[in-house]
Amino acid sequence: MRKFILILLAIVAGGHSSAAESDLRREGAVVAAAGVVSDYLDRGPAAISERLSESSPLRERADIEQWIELVLGPARDSTWVLETADETTEVAFWVTYGSGIDELVTFSMVEAGGQWLVDDVTNTTFSASADPVVSESVPVADSEGPIRTSWIPPAAGLIGLMVVGLSFRMKKAKWIAIAAGLLIIGGAAALFAVSQKRSDRAAEVVAASEATLDELLRYRRALAAGNEEMSVPAGRPAALWGAQVALLRMDETKANELLGSIDSSESDLRAALLEGRAAAAMDDPVGAMLAYDRALRIRPRSDSVRMEVARTALIFGFDDRARASLLELERLGTDHPAPHYFLAILGEVDSDNDVEAAEARFLTGMRLEPSSRQTLLSFPYFSHMFRRPKVALEVRLPSVNEPVRNFVGPAKSPIAMPTGWRATRSGEALLLDGPDDATVQLWGMAPHAPEGTVVVDALTWEQMERNRVLSAIDQLRETAASPAGWLQPAQRDRLATAVEALDERNRWNDVDLLTRTLPEDLERVPTQVVIARSNALQRLDRSSEATSFTATAAISELRRPSPDPRRLYELGEMMGELGRYDIAIRLLERADVLRDDVDLGDRIRQLSLLSRLEESYQVHRTPHFEIRYPPDAVETRAQKVGDILEKELARVSAKLGVEPFEHCTVNLLKWSEFRSLFTHSVPILGFYDGEITLPLAEVPIFPPEIVGLMTHELTHAIVADATGDKAPRWFQEGMAQRMEMGPAGNAFNRYDDDGMLAISLLDPAIGGSGDPQMIRQGYVISQTLVRYLESLDRRTWKRMLDAFGEGMSTSEALESIYGKPEAELDSDFREWGRAKSRLFLDDEMVRYDQADISDWIRFSEE
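All values reported here derive from a predicted model rather than from experimental measurement. (Residues numbered from 1 in each chain as written. Predicted model: local features only at pLDDT ≥ 70, side-chain atom pairs only at ≥ 80, totals over all residues. Heavy atoms only, no water.)

Colleague: Before we go on, may I ask you to explain the overall build of the protein chain in this structure?
Modeller: When you go through the protein chain residue by residue, the secondary structure sums to 36 helices and 13 strands. The buried share of the protein chain, taken over its 862 residues, is 52%. Expressed as a percentage of contacts within the protein chain between residues at least 6 apart in sequence, the contacts between residues at least 24 apart total 65%. Total accessible area on the protein chain stands at roughly 39,300 Å², and carbon and sulfur atoms take up 53% of it. (Helix = DSSP H or I, 4+ residues; strand = E, 2+ residues; numbered from the N terminus. Buried < 20%, exposed > 50% of the residue type's maximum accessible area, 1.4 Å probe, protein only. Contact = heavy atoms within 4.5 Å. Areas by Shrake-Rupley, 256 points an atom, 1.4 Å probe, with all protein chains shown as cover.)

Right under this line is the structure:
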C-alpha cells in the first residue's frame with residue numbers, strides 16, 4: 001500500500017511538473033507570436049519568412065512571401081486580437097481588416113535552439129484543404145498521383161494497443177482498449193498522411209479554388225483599397241471574402257448567392273459564421289443559431305466565435321443560449337473581458353442568479369480590462385452593484401480622478417515590439433499601436449509589456465480609439481465627400497465612429513459636413529449615423545430637413561422585408577421628437593410586433609396622446625408660448641399658466657443673461673392621464689423634450705411649489721435655446737433647480753465623502769443610472785455645483801452657456817473659464833462645500849397665487 005501511495009504521489013508530482021512546463025511553453029509561444037505579428041505589421045512578410053523553422057512547409061514555396069501576405073492579409077487599418085491560448089503551441093488571433101473582412105489566423109510555433117520560430121501560418125478561409133491555391137509560379141508535379149503514406153507506424157501502434165487490451169482480465173475493459181486503439185490509429189494515420197502530403201510539395205492539388213494566387217492577391221488588395229466593384233474571382237476564398245463584404249453592405253442576396261456557389265463542409269468555420277450572419281441579417285433566428293452551432297462544434301474554444309454567438313443570441317432573445325456560450329468561455333478560463341461583463345449583466349438582470357457570482361465576474365472583467373466609470377454608469381444593470389463594498393472599492397465613484405488600475409505582479413519576458421511602436425496598458429490588457437493604424441490587442445499580457453509601456457486609466461484607454469479617428473478628421477471629410485466613401489466597410493466604420501464622437505461632443509457642423517453625401521440607399525447607413533445627422537440638423541435650426549431626411553430613412557426601413565427592430569425604435573423616437581407622430585407610431589408598432597421580449601405599448605399610447613393634443617386640444621397663445629389644453633378644461637387656467645410662463649421667461653432669461661426665446665409649445669394634461677402614461681414607478685411631474693409637458697390642466701391655484709415645476713421645465717427650454725441644446729445634463733438639471741424659487745438642498749449637508757460623485761460622473765449618473773438614489777445624488781450635487789460656480793463668478797451662467805454653445809465639453813468649459821483642470825476644480829468644490837454648512841435660500845420670491853383665492857373657493861364648490 002505504501003508503495004502504491006508513493007507511486008501515485010510521483011505521478012501527481014510529475015503531472016504538476018508537466019502542467020507547469022506546458023504553461024511555460026504556451027506562454028513562450030504567445031509572447032513570440034505577438035512579437036512576430038507586430039513585426040509583420042511593421043515590415044511585411046519578411047518578418048515571417050526570416051523566422052521560419054527548419055521543418056516549416058512554407059520553406060518549400062517559391063512564392064512564400066506572396067502566400068504569407070495572402071494568408072495574413074494587409075497590415076493597414078488591421079486590428080489583431082489575441083485569442084485565449086489553450087494547451088498547444090498554436091497561437092490564434094482574430095483579425096479585422098480595413099476592408100471590413102475578419103478572419104481567424106493561427107501561428108504554429110516551435111521551439112528550437114532556445115528560441116521560438118514559426119512553423120506555419122493558416123486561416124479559416126483556406127482551412128478546407130492544406131493548400132487550396134497554386135501560384136502560377138509554382139510547378140505542379142504528379143498532381144494526380146496518390147498521397148504516399150506508410151502504414152508501419154500505425155501497424156505498430158495497433159499491435160501494441162491490442163496486446164495491452166488483451167492483457168486486461170475483464171472482457172469489457174479489453175474491448176474498450178481495442179476500440180480506443182482503433183480510434184487513435186485512425187487519427188494517427190490521418191496525421192501521418194497529412195505530414196507525408198506536406199513534405200511532398202510535388203503532389204499539390206487545386207482543392208478549393210480555380211483562381212491563382214496572383215488573382216486572389218489582386219482581389220484582396222483591391223478590397224483593402226476600397227475597390228469593392230472588382231469582379232469576384234472564381235473559387236472558395238474569394239467567394240467567402242465577397243460574401244462578407246456583401247453582408248457589410250447589407251446586400252444579403254449577393255452574400256447568399258456567393259455562399260451558395262461553394263461547397264462548405266461540416267468543418268468549414270468561415271462558411272458557418274457567414275451563413276449565421278446572413279441568416280441573422282435576414283431575420284432568421286433559427287437558421288442563424290443552427291449555423292452558429294456548427295461554428296461552435298468546429299471551434300469550441302474561440303473567444304471571438306463564442307462572443308459572436310452570444311451577441312446574436314441576445315439580439316434574438318435567446319438569453320439561455322447566450323449564457324451557455326459565455327459560461328463555457330468562463331469555464332475555459334478566457335482572458336477576454338467581455339464574457340465576464342456580459343455574465344455579470346445577465347446575473348444582475350436575472351433575479352434568481354447569484355449576486356455574489358455576478359460581482360465576482362464583474363471584478364474579473366475589471367481586472368482583465370477596466371471599464372471607465374462613465375461607461376459603467378451608462379449600464380443601468382450595474383447600478384445596484386456599485387453599492388457592494390468590493391465593487392465600490394474597485395470603481396471608486398467618489399474619487400475626482402478616474403483610478404489607474406495597474407497590473408500587480410512580477411514582470412516577465414517582454415514582447416519584442418518594433419521601433420517606433422507605442423505600447424499602452426490598463427489592468428491586464430496590453431495594446432500595441434503601429435504605423436498605418438495597425439494595432440495588436442493582447443488581453444492578459446500585461447506581465448509581458450515591452451519596456452517603455454505607458455499605464456493609463458480606463459477612460460484614457462477608451463478615448464484612444466476615438467481620438468485616433470478624430471485626429472484624421474480632414475481625411476475623413478475627403479472620404480465622406482462622395483457616397484462611395486460610405487459604402488466601403490472600413491471607411492464606413494471609421495466615419496461612423498467619428499460621427500458618433502462628434503455627436504457626443506455637440507459638434508453639429510462637423511456632423512453635418514461628414515453626412516451631407518450619404519448614399520441614397522439609407523439602409524446601408526448605420527443607425528447611429530442617421531440619428532446623428534437628424535439630431536444635428538435640428539440643432540442647426542433646419543428642422544424641415546431633419547424631418548424629411550429621417551422620414552426617408554424610416555420609410556425605407558419599413559419597406560425592407562426584414563427590418564431591424566432596434567433601428568425601427570430609434571427612428572420612431574426621432575420622428576416623435578420631430579412631431580411626425582403618425583410615422584413614429586407606425587415604426588414603433590412594427591418594432592413591437594418583431595420583438596416579443598419588449599413591450600412598446602405605453603410609448604405608442606404616449607405618442608397617440610401627443611398626436612391628439614396636436615389635433616383636438618384647444619390652444620391659448622401668448623407672445624412666446626402656444627399652450628394646448630383639454631377641450632373640457634377651464635380656459636382661464638390656461639391663460640393663467642401663460643401669464644406666469646411669460647413672467648418667468650423674462651425673469652429667468654435676465655438672470656442667465658440671454659434673450660428670451662421666440663416660441664415654445666406647452667402641453668397641459670390632466671393628472672390622471674399624465675400619471676397613467678408617463679409616471680409609472682418614477683415620480684415625474686413634468687418634462688421638456690422640445691416641448692414642455694405639465695400635468696396642470698386641472699390645477700386652480702399656483703403656489704410656489706407649482707410654479708417651481710413650471711420654472712424648472714421652462715429653464716430647460718431656455719438653456720436648450722441658448723446653447724443649441726448642447727449643454728450637458730448636469731448643467732441643465734443644476735440650472736433648472738437653481739432657477740426655482742425657494743430653499744434648495746445642499747449636497748454637502750446630505751452626503752459625506754463616500755456619497756459624493758465626481759463632476760465627470762454627473763452626466764452618466766443622471767442620464768444612465770438605473771439607481772433612483774444615484775439619480776437623486778446627481779441632481780442635488782449638480783445644483784450645488786452650480787451654486788459653487790456662481791460663488792466664483794457672478795457671470796458664470798452666461799459664460800457656461802456660451803462655452804457649451806460653442807460645443808465645449810464640461811472639462812473644456814471649466815478649464816477655459818476657471819483656468820483649472822476639471823479634477824482640480826472638483827477638489828476645490830469639495831473643500832468649499834466642507835468648509836461650512838449652508839442652507840441655500842433664494843433672496844427673490846415672486847408669488848403668483850395671492851389673487852387666486854376666490855378661484856380656489858369656486859373650484860372647491862364645484
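Colleague: Sorry if this is basic, but what is going on with the side chain of Gln 732 here?
Modeller: Position of Gln 732 among the secondary structure elements: in helix H29 (residues 729-739). Looking at Gln 732, the relative accessible area reads 16%, which means it is buried. Within the structure, the side chain of Gln 732 is placed 2.7 Å from the backbone oxygen of Ala 727, a separation counted as a polar contact. (Polar contact = N/O pair within 3.5 Å; in protein donor to acceptor, adjacent residues only side chain to side chain.)

Colleague: Looking at this structure, I do not really get the sheet that holds strand E10 (residues 625-629). What am I missing?
Modeller: Backbone-to-backbone hydrogen bonds pair the strands of a sheet. The strands run either parallel or antiparallel. The strand order E9-E10-E11-E13-E12 describes an open sheet built from 5 strands, whose pairing is mixed. Unpaired on one side and paired on the other, strand E9 (618-621) and strand E12 (687-688) mark the two borders of the sheet. Looking at chain direction, strand E11 (residues 664-668) and strand E13 (residues 692-694) are connected through 3 bridges and run parallel. When the sheet's bridge partners are listed, Leu 668 is paired in E13 with Leu 694. Across the sheet, helix H26 (residues 635-656) touches E9, E10 and E11, and the angle it forms with E10 is around 150°. (Pairing = 2+ DSSP bridges. Axes fitted to C-alpha atoms, helices over the stretch in contact; angles between N-to-C directions.)

Colleague: Teacher, can you tell me more about the pattern of salt bridges here?
Modeller: Pairing between side chains of opposite charge can happen when the charged atoms of each approach one another. Per the stated rule, a full pass over the model turns up 47 salt bridges. Note that Arg 628 is salt-bridged to Glu 626, the shortest N-O span being 3.5 Å. Using a relative accessible area of 16% as the deciding quantity, one classes Glu 626 as buried. (Salt bridge = Lys/Arg side-chain N within 4 Å of Asp/Glu carboxyl O.)

Colleague: I tried to follow the packing of helix H23 (residues 565-577) against helix H24 (residues 581-594) on my own but got confused; where do I start?
Modeller: The packing of two helices is summarised by the inter-axis angle and the distance between the axes. For the pair H23 and H24, the least separation of the axes is 8 Å and the interaxial angle reads 160°. When the axes of H23 and H24 are compared, the pair comes out roughly antiparallel. Note that H23 runs across H24; the crossing there is left-handed. Taking contact as the criterion, the partners of Pro 565, Leu 568, Tyr 569, Leu 571, Gly 572, Glu 573, Met 575 and Gly 576 in H23 are, on H24, Tyr 581, Ile 583, Ala 584, Leu 587, Leu 588, Arg 590, Ala 591 and Leu 594. Taken together, the residues that form the contact of H23 with H24 break down as 12 nonpolar, 2 polar and 2 charged. (Parallel < 35°, antiparallel > 145°, perpendicular 65-115°, else oblique. Left-handed = near helix turned anticlockwise from the far one by under 90°. Nonpolar A, V, L, I, M, F, W, Y, C, P; charged D, E, K, R; others polar.)

Colleague: I tried to follow unusual backbone geometry on my own but got confused; where do I start?
Modeller: If you check the backbone angles, Asp 77 has positive phi at about 60° while not being a glycine. Among the structural elements, Asp 77 can be located in the loop between helix H3 (64-72) and strand E1 (79-82). Although it is not a glycine, Arg 396 adopts a positive phi angle of roughly 55°.

Colleague: I keep staring at the pairing of E10 and nothing clicks. Help me out?
Modeller: Among the 5 residues of E10, 5 are classified as buried, and the element is accordingly described as predominantly covered. Here E10 shows two buried faces, one formed by Phe 625, Ile 627 and Tyr 629 and the other by Glu 626 and Arg 628. Looking at chain direction, E9 and E10 are connected through 4 bridges and run antiparallel. Residue pairing across strands places Gln 618 opposite Tyr 629, the latter belonging to E10. Between E9 and the antiparallel strand that follows it, E10, lie 3 residues.

Colleague: Please clarify how the environment of Val 440 should be interpreted in this entry.
Modeller: By secondary structure assignment, the location of Val 440 is in strand E7 (residues 439-443). Look at Val 440 and you get buried, because its relative accessible area is 0%. Remark: the alpha-carbon pair of Val 440 and Ser 78, spanning 362 residues in sequence, is separated by 8.5 Å. Once you skip the residues sitting within four places of it in the chain, Val 440 turns out to touch Val 37, Leu 41, Trp 80, Phe 93, Trp 421, Leu 430, Leu 431 and Leu 432.

Colleague: Got a minute to help me understand the sheet that holds strand E2 (residues 90-96) in this structure?
Modeller: The sheet built from 8 strands is open, its strands ordered E4-E3-E2-E1-E7-E6-E5-E8 with mixed pairing. Every interior strand has two partners, whereas the edge strands, strand E4 (115-123) and strand E8 (454-455), have only one.

Colleague: Teacher, can you tell me more about the packing of helix H6 (residues 213-224) against helix H7 (residues 236-248) here?
Modeller: Orientation of H6 relative to H7, taken along the N-to-C sense of each, is 15°, at an axis distance of 10 Å. With respect to H7, the axis of H6 lies roughly parallel. The two elements H6 and H7 meet at a crossing, and its hand is left-handed. Where H6 approaches H7, its residues Leu 216, Tyr 219, Arg 220 and Leu 223 are matched on the opposing element by Pro 237, Ala 238, Trp 241, Gly 242 and Val 245.

Colleague: Would you mind going over the packing of aromatic side chains with me for this structure?
Modeller: Any aromatic ring pair is given by two values, namely how distant the centres are and how the planes are angled relative to each other. On inspection of all chains with the given rule, the structure shows 15 aromatic pairs. Arranged with centres 5.0 Å apart and planes meeting at 70°, the rings of Phe 748 and Phe 829 form a pair that is edge-to-face. Of this pair, Phe 748 sits in helix H30 (residues 747-750) while Phe 829 sits in helix H35 (residues 822-835); the two residues are 81 residues apart in sequence, bridging distant segments of the chain. Here Phe 748 falls in the buried class, since its relative accessible area comes to 8%. Judged by relative accessible area, which is 1%, Phe 829 ranks as buried. With 5.1 Å between their ring centres and 50° between their planes, Tyr 788 and Trp 832 make a pair best called tilted. You can see Tyr 788 sitting in helix H32 (residues 772-792) and its partner Trp 832 sitting in helix H35, a full 44 residues away along the chain. For Tyr 788, a relative accessible area of 5% corresponds to the buried category. (Phe/Tyr/Trp six-rings, centres within 6.5 Å; stacked < 30°, edge-to-face > 60°.)

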